[in-house]
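Secondary and tertiary structure notes
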Amino acid sequence: MNDTLAGNFLIDAQDRVMLVDFEYASNNERAYELALWFDEMAFDEAVEREMIEVDFGRWDPAAEARIQVLKALADLKWSTWAMIQEAVSLLDFDFYKYGTWKLMRARTQFHHPDWPRWLKRL
């Protein structure tokens, strides 16, 4: 889907989840999709591990490391996108603020104490 903002997940009257807004859809690897989702939803570590276990069939430290690195790279990508949008978009939206927030979150991930360990597990 490549755009896992909370507003892109709708629940109907029968509690079925529907995904909307496929404008940026692409064929991503599942670790990247999980990274996007975890980033946007701000799940705690226990929820992330449970979801990795469900998606991969077991909890895997290599998958977790890949997801953590991809979370930072996704924020860097969306920060760059936002800065471009700030310059070209006609929408009334503070792309600068959004992009700065994404960049700061990426920097936080880059400076996480486990960053070197995650990179070694890739």
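Scroll up to find the structure.
An account of the accompanying structure is given in this report. Being a predicted model, the structure only gives us computed values, none of them experimental.

Conventions and cut-offs
Residues numbered from 1 in each chain as written. Predicted model: local features only at pLDDT ≥ 70, side-chain atom pairs only at ≥ 80, totals over all residues. Heavy atoms only, no water. Salt bridge = Lys/Arg side-chain N within 4 Å of Asp/Glu carboxyl O. Helix = DSSP H or I, 4+ residues; strand = E, 2+ residues; numbered from the N terminus. Buried < 20%, exposed > 50% of the residue type's maximum accessible area, 1.4 Å probe, protein only. Phe/Tyr/Trp six-rings, centres within 6.5 Å; stacked < 30°, edge-to-face > 60°. Core = buried A, V, L, I, M, F, W, Y, C linked by side-chain atoms within 4.5 Å.

A few words now on the pattern of salt bridges. Tallying each qualifying case throughout the model produces 13 salt bridges. Residue D75 pairs with K102 through a salt bridge whose shortest N-O separation is 3.3 Å. Remark: K102 occurs in helix α4 (residues 95–110) and D75 occurs in helix α3 (residues 61–88); sequence separation between them is 27 residues. Given the relative accessible area of 1%, K102 is considered buried. Via salt bridges that share partners, D39, E40, D75, K102 and R105 belong to a single interconnected network.

On to the packing of aromatic side chains, then. Here the structure, examined in full by the defined rule, presents 10 aromatic pairs. Measuring from ring centre to ring centre gives 4.8 Å for F93 and F95, while their planes differ by 65°; the resulting arrangement is edge-to-face. Pairing W115 with W118 gives two aromatic rings, centres 6.4 Å apart and planes at 80°, and the pair type is edge-to-face. In this pair, W115 and W118 both sit in helix α5 (residues 115–120), three residues apart, roughly one turn of the helix. The same class applies to W115 and to W118, which are both buried.

With that settled, the discussion passes to the nonpolar core. By size, the foremost hydrophobic cluster in this structure holds 13 residues, and its most contacted members are Y32, L36, F38, I52, I67 and L70. Going through the elements one at a time, α1 (30–41), α2 (45–56) and α3 are the ones with two or more residues in this core. The leading source of residues in this core is α1, at six residues. Within the second largest apolar cluster, five residues are counted, among which are A65, A72, W115 and W118.

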